[in-house]
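# Observations on chain architecture
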Amino acid sequence: MAKRDYYEVLGLSKGASAQEIKKAYRKLSKQYHPDINKEPGADEKFKEITEAYEILSDDNKKAQYDQFGHAAFEQGNYGGGGFGGFGGGFSGADFDDLGDIFSSFFGGGGRGRRNPNAPRQGEDLLHRLNISFEESVFGVKKAVKFRKDVTCEKCNGSGAKDASSTTTCTTCHGSGSETFVQQSIFGQVQSQRTCSRCNGTGKIIKDKCAHCFGKGYNNKEVEYEVDIPAGIENGQRVRLSGKGGPGVNGGPAGDLFIEVIVPEDKYFHRDGDDIYTELELSPAQAALGTKIDVRTLNGEIELNVPAGTQYGRKFKLAGKGVKNVRGYGVGDHYIIAIIKIPKDLSQRERELYEELAKIRGEKSSEGEGFFEKAKRKINKALDDL
Ligand SMILES: [Zn+2]
Ligand SMILES: [Zn+2]
C-alpha cells in the first residue's frame, strides 16, 4: 500500500503554516486517539497522523519532505541528520568520493572509472649523487648504482606463470570495481567500490610467476652511466628517461632523476655562472703595482695589478667563469683585491714605515718603547716555534 501524503493525512494542503499543522493534529488526534476511539482501524489512523505531524512540525524534516517526499526518510534515515551534509543521509555506505554519488544519481554516466588493465607509466625516482666542484664546472660521466624495482623478466610484469594462468575476475568482469545499490533520500543510488576479489586489478592470477611471486617486478641493484653536464649547480637534476620505476600493465617505466650535491670550494666562490676569488696584496704591491699569478678555472694567468690599487678593486676576467649548463655562454671571473697590512714588522721595516709616514706628513706612534720591543720579541719567538 502506497504511503499517503502527510499533508493529506492531516487534511491540509501543501504550504500549510506551522499553526495550521498543529491545529489539525490536535483535532485529529483527539478524534482517533486509541483511548477515545475504539473503532477498528482507528489505531492505524492515529499512528499515521502522529507520523505526519512529527515530520511536518520539524522544520528540517518538513523541508526534506517538501523536496523529496517519502523517499527522504526511507532506509532508516528517518530522524537522521537531515540534508545538511551528505554524510547524514547515507548510513554506512563506503563511497570513494562524492563524484560517485553524483555520477550515478544523475545517471549521465559521469566520469569514467580508470580501466585497471590500461597500461600506466611507472613512478619517477630520485637519486642523489655527490660530485666535486671541478666535476660540476667541467662535467663528468658517473656510474650510479642503487636498488630499485625492475619489471620481472620472466613474466614481463604480468605476475602470472604463463598466459593461461590469468583469467578475468568474474566478480567485476575485469572492470576492477563493484557496483552496489543503496537506498537513500534520492531513492536508489548506485555506487562503486574497488573489487574486493581482485583488488581492482580486474584479473585473477591462478598460478603466480615463481620468479617475482606474482608481483610483476623484483627489487634489484641497477647501474646507470650518467652524463653530468658542465656548469651544473648544487641541487640541479639530470633526467634519465625510462630509468624510473617499472610500468604497470605493460606501460612505460617512469623517469630517473639524478640530483647532484656539490660542495663549496674554498677558493672559487660561484655565483650563477660567475666566479669570485680574492687576491691578497701587500701595501707596497697595492701602492707600487705588480704582476702576479692568479688561479683561474682554466689554470694560472698573470694579472697586471696597477699602481694605486685600492682595497676591494674588482678585476674582471671575461669568459673565465663557468660554462652555462644550458649552453647560454660562459660566465666571468672576478678577482677582488684585498690589501693585507703586515702585523709583525721587523726593526728595519718599522724604520721604513716611520720614514714613509714622516715624508707624507702623517702622524704615527714613533719609535718602539721597551714594552713594545719585548712584546714583539716574545711574539716572534712564539711564531718561530
Ligand atoms: Zn574483480
Ligand atoms: Zn614474474
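Residues numbered from 1 in each chain as written. Chains lettered and ligands numbered in written order. Predicted model: local features only at pLDDT ≥ 70, side-chain atom pairs only at ≥ 80, totals over all residues. Heavy atoms only, no water.

## What about the overall build of the protein?
Regarding its fold elements, the protein presents 10 helices and 15 strands. Each of the 385 residues in the protein was classed as buried or not, and the buried ones make up 34%. The long-range share in the protein, meaning contacts at least 24 apart out of those at least 6 apart in sequence, stands at 60%. Only carbon and sulfur atoms are counted for the fraction: they give 49% of the accessible area of the protein, which is about 24400 Å². (Helix = DSSP H or I, 4+ residues; strand = E, 2+ residues; numbered from the N terminus. Buried < 20%, exposed > 50% of the residue type's maximum accessible area, 1.4 Å probe, protein only. Contact = heavy atoms within 4.5 Å. Areas by Shrake-Rupley, 256 points an atom, 1.4 Å probe, with all protein chains shown as cover.)

## Topic: the sheet that holds strand β14 (residues 314-317)
Judged by pairing direction, the sheet is mixed, and its 4 strands sit side by side in the order β10-β11-β15-β14 without closing on themselves. Each edge of the sheet is formed by a strand with only one pairing partner; in this case those strands are β10 (269-271) and β14. Neighbour-to-neighbour, the strand axes of the sheet open up by a mean angle of 30°, direction not taken into account. Bridge count between β14 and strand β15 (residues 333-339): 4 bridges; the pairing is antiparallel. If you follow K314 over to β15, its bridge partner there is I336. (Pairing = 2+ DSSP bridges. Axes fitted to C-alpha atoms, helices over the stretch in contact; angles between N-to-C directions.)

## Focus: the packing of aromatic side chains
Taken as a whole, this structure holds 7 aromatic pairs when the rule is applied. Between Y25 and Y53, the aromatic rings sit 4.1 Å apart at their centres with planes inclined by 10°, giving stacked as the arrangement. With a gap of 28 residues between them, Y25 in helix α2 (residues 18-32) and Y53 in helix α3 (residues 42-56) connect regions that are remote in the sequence. With a relative accessible area of 19%, Y53 lands in the buried category. Ring geometry for Y267 and F268: centres 4.8 Å apart, planes at 75°, overall edge-to-face. Judged by its relative accessible area of 22%, Y267 is partly exposed. For F268, a relative accessible area of 4% corresponds to the buried category. (Phe/Tyr/Trp six-rings, centres within 6.5 Å; stacked < 30°, edge-to-face > 60°.)

## What about the coordination of the zinc ion (ligand 1)?
On the protein side, the zinc ion (ligand 1) has C169 (SG), C172 (SG), C195 (SG) and C198 (SG) as donor atoms, found 2.2 to 2.3 Å from it. The site at the zinc ion (ligand 1) holds 4 donor atoms, and with the angles between them running 102 to 117°, its shape is tetrahedral. Sequence positions of the residues that donate to the zinc ion (ligand 1) give the spacing C-x2-C-x22-C-x2-C. (Donors = N, O, S within 2.8 Å, 3.2 Å for Na, K, Ca; no water. Tetrahedral: all angles 85-135°; square planar, octahedral: opposite > 155°, others 65-115°.)

## What to know about the pattern of salt bridges
According to the stated counting rule, one finds 17 salt bridges in the structure shown. Where K316 meets D332, a salt bridge forms, and the shortest distance between an N and an O atom there is 3.6 Å. You can see K316 sitting in strand β14 and its partner D332 sitting in the loop between β14 and β15, a full 16 residues away along the chain. Here the salt bridges do not stand alone but share partners, grouping R4, E8 and E48 into one network. (Salt bridge = Lys/Arg side-chain N within 4 Å of Asp/Glu carboxyl O.)

## Brief notes about the side chain of H333
When you line up the elements, H333 lands in strand β15. A distance of 2.9 Å separates polar atoms of two side chains, one belonging to H333 and the other to T277. (Polar contact = N/O pair within 3.5 Å; in protein donor to acceptor, adjacent residues only side chain to side chain.)

## Some remarks on the coordination of the zinc ion (ligand 2)
Taken together, the protein donors to the zinc ion (ligand 2) comprise C152 (SG), C155 (SG), C209 (SG) and C212 (SG), at separations of 2.3 Å. Considering all 4 donor atoms around the zinc ion (ligand 2), the spread of angles at the metal, 104 to 115°, places the coordination shape in the tetrahedral class. Sequence spacing of the donors to the zinc ion (ligand 2): C-x2-C-x53-C-x2-C. Within this pair, whereas C155 is found in the loop between β2 (140-151) and β3 (166-168), its partner C212 is found in the loop between β6 (203-205) and β7 (217-228), the two being separated by 57 residues in sequence. Residue classification places C212 among the buried positions, given a relative accessible area of 0%.

## Some remarks on the pairing of β15
Along β15, 7 of the 7 residues are buried, which leaves the element largely enclosed by surrounding structure. Burial of the side chains of β15 extends over both faces: H333, I335, A337 and I339 are buried on one face and Y334, I336 and I338 on the other. In the sheet, strand β11 (residues 274-281) pairs with β15 via 7 bridges, with the strands oriented parallel. In the sheet register, I275 faces β15, and the bridge partner there is H333.

## Description of the sheet that holds strand β8 (residues 237-240)
The mixed open sheet is built from 3 strands, whose spatial order is β1-β9-β8. In this open sheet, the two strands that pair with only one neighbour each are β1 (125-130) and β8. Pairwise comparison of adjacent strand axes, ignoring direction, gives a mean angle of 25° for this sheet. By the bridge criterion, 4 bridges tie β8 to strand β9 (residues 256-261) in an arrangement that is antiparallel. Across the sheet, the residue bridging to R239 is F257, located in β9.

## Focus on the nonpolar core
By size, the foremost hydrophobic cluster in this structure holds 22 residues, and its most contacted members are I131, I228 and I258. Secondary-structure elements contributing two or more residues to this core are α7 (133-138), β2, β7, β8 and β9. Take this core: its biggest share by element is 4 residues, from β7. Discounting residues that sit within four places of it in the chain, I228 has contacts with L129, I131, G139, V140, V238 and V260. Grouped together as the second largest cluster of nonpolar side chains are 20 residues, Y6, V9, L10 and A16 included. (Core = buried A, V, L, I, M, F, W, Y, C linked by side-chain atoms within 4.5 Å.)

## Section: the packing of α3 against helix α4 (residues 59-68)
α4 packs onto α3 with a crossing angle of 105° between their chain directions and a minimal axis gap of 6 Å. The pairing of α3 with α4 is recorded here as roughly perpendicular in orientation. Residue-level inspection shows E54, I55 and L56 of α3 in contact with α4, the latter providing K61, K62 and Y65. Per-class residue counts for the contact of α3 with α4 are 3 nonpolar, no polar and 3 charged. (Parallel < 35°, antiparallel > 145°, perpendicular 65-115°, else oblique. Nonpolar A, V, L, I, M, F, W, Y, C, P; charged D, E, K, R; others polar.)

Read these as spatial facts, not as claims about activity.
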